[in-house]
Amino acid sequence: MTIIITGASSGIGKSLAILCGAHNHNVVIVARRTDRLQQIAQEISGKGGNVFVVSADVSKEEDCKRVVSETVKKFGSVDVLVNNAGQGHLGSIEETSTETFNQMMLVNLYSTFWLTREVLPFMREENRGHIIAISSIVGRIAYPFNAAYVAAKHAVVGFIAALRTELTGTNINATVICPAGVTTEWSSATADGNLGEIFSTGIKYSRAIAAEKNLPLAPLSKMKTPAQAAEIVYNVLMGNRSNDVYTHDGIIDIAEQAVKDRIAMEDQHESLYLGMIKAYAEGVGR
Ligand SMILES: NC(=O)c1ccc[n+]([C@@H]2O[C@H](COP(=O)([O-])OP(=O)(O)OC[C@H]3O[C@@H](n4cnc5c(N)ncnc54)[C@H](OP(=O)(O)O)[C@@H]3O)[C@@H](O)[C@H]2O)c1
């Protein structure tokens, strides 16, 4: 199969690319940092895998078009598209610039739209394929100080659901995957500051706040490694029509609670929100 993976220069995308290479697929690795892509390509081809590097900024429509046209030129078709590239940001809504808000939408949402629109004609011609999008737990619930990212990841969930309705009656699949914490560069590569720092300080503060105010501690799932997350993504892309996928234990329960009783879910997270608000007020991460 020919598999396009965006955001393949690090984290989940890199691990997934290596895994797909090891399974003898044609792997198209996409990101902006070409030097890193070249190193990963060497690792894959060194083990006998078939890999093709496309340097692209997926926040640009013309680059997304080129990713697909170069892939088809090289391999003749596209079987799987994994919309994995993504970036978060750190900032309260009052302090989020229009530029940052737009950037979050472009990288996380528009890239998925543009790449999907480009691959669909080729998949329809063959009447097969699978389009995956990596959303997030924040495609279902929210944490403070990254509203543009949260909004974009919610939109990705809706986009894939809408896509699947348009694919009814075909052999083309579309699946959204919602990871929670994965140990990648993601939390430090956020725009306008380090979201990971405010999250970890917020968790630390939340313990004292919970004890002082008699509040529950927010439910948090154990972090996964990029290789563990990539294995889940790989099984999904090889599989059939699927419900939305939650990579971490307990996350589906939180997402369901948000649908049934969002206020109760938010109450359960109150100590964490307050901890993060305290950390933000202190300038943590900026
Ligand atoms: N890590 C987590 O805890 C977590 C949780 C939930 C969801 N996610 C989602 O999982 C996906 C993978 O993230 P990760 O955790 O593996 O983070 P990561 O290690 O920071 O990887 C992000 C990838 O996206 C690429 N990227 C960012 N902006 C891009 C652009 N404009 N054009 C092309 N590529 C771009 C980066 O490559 P270049 O910088 O080289 O372009 C990099 O390869 C993301 O969609 C993220 O939102 C992650």
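Everything discussed here concerns the structure shown above.
Reading the values: the criteria
- Residues numbered from 1 in each chain as written.
- Predicted model: local features only at pLDDT ≥ 70, side-chain atom pairs only at ≥ 80, totals over all residues.
- Helix = DSSP H or I, 4+ residues; strand = E, 2+ residues; numbered from the N terminus.
- Rg over C-alpha atoms; globule rule 2.2 N^0.38 Å.
- Buried ≥ 20, exposed ≤ 12 C-beta atoms within 10 Å, placed from the backbone.
- Contact = placed C-beta atoms within 7 Å.
- Near = placed C-beta within 6 Å.
- Nonpolar A, V, L, I, M, F, W, Y, C, P; charged D, E, K, R; others polar.
- Pairing = 2+ DSSP bridges.

Q: Before we go on, may I ask you to explain the overall build of the protein chain in this structure?
A: Each helix and strand in the protein chain was counted, giving 10 helices and seven strands. A compact globule built from 286 residues should have a C-alpha radius of gyration of about 19 Å, and the protein chain, at 19 Å, falls within 12% of that. Overall, the C-alpha framework of the protein chain stretches about 60 × 40 × 35 Å when taken along its three principal axes. Here the protein chain, with 286 residues, has 48% of them falling under the buried criterion. Intrachain contacts of the protein chain at a sequence separation of at least 6 include 75% that bridge at least 24 residues.

Q: Would you explain the site of the ligand in this entry?
A: By nearness alone, 30 residues border the ligand, and Gly-7, Gly-11, Arg-32, Arg-33 and Gly-86 come closest of all. Counting residues per element, the shell around the ligand draws most heavily on helix H1 (residues 11-22), which supplies three residues. Across the shell around the ligand, the residue classes tally to 12 nonpolar, 13 polar and five charged.

Q: Just to check I follow, could you spell out the pairing of strand S4 (residues 80-83) for this structure?
A: Each regular strand displays side chains that alternate between the two surfaces of the sheet. Residues Val-80 and Val-82 point to one face of S4 and Leu-81 and Asn-83 to the other, with burial holding for every one of them. Examined bridge by bridge, strand S1 (residues 2-6) and S4 share three bridges and lie parallel to one another. When the sheet's bridge partners are listed, Ile-5 is paired in S4 with Val-82. Where S4 and strand S5 (residues 129-134) come together, four bridges link them in parallel fashion.

This is a description of form; function is not addressed.
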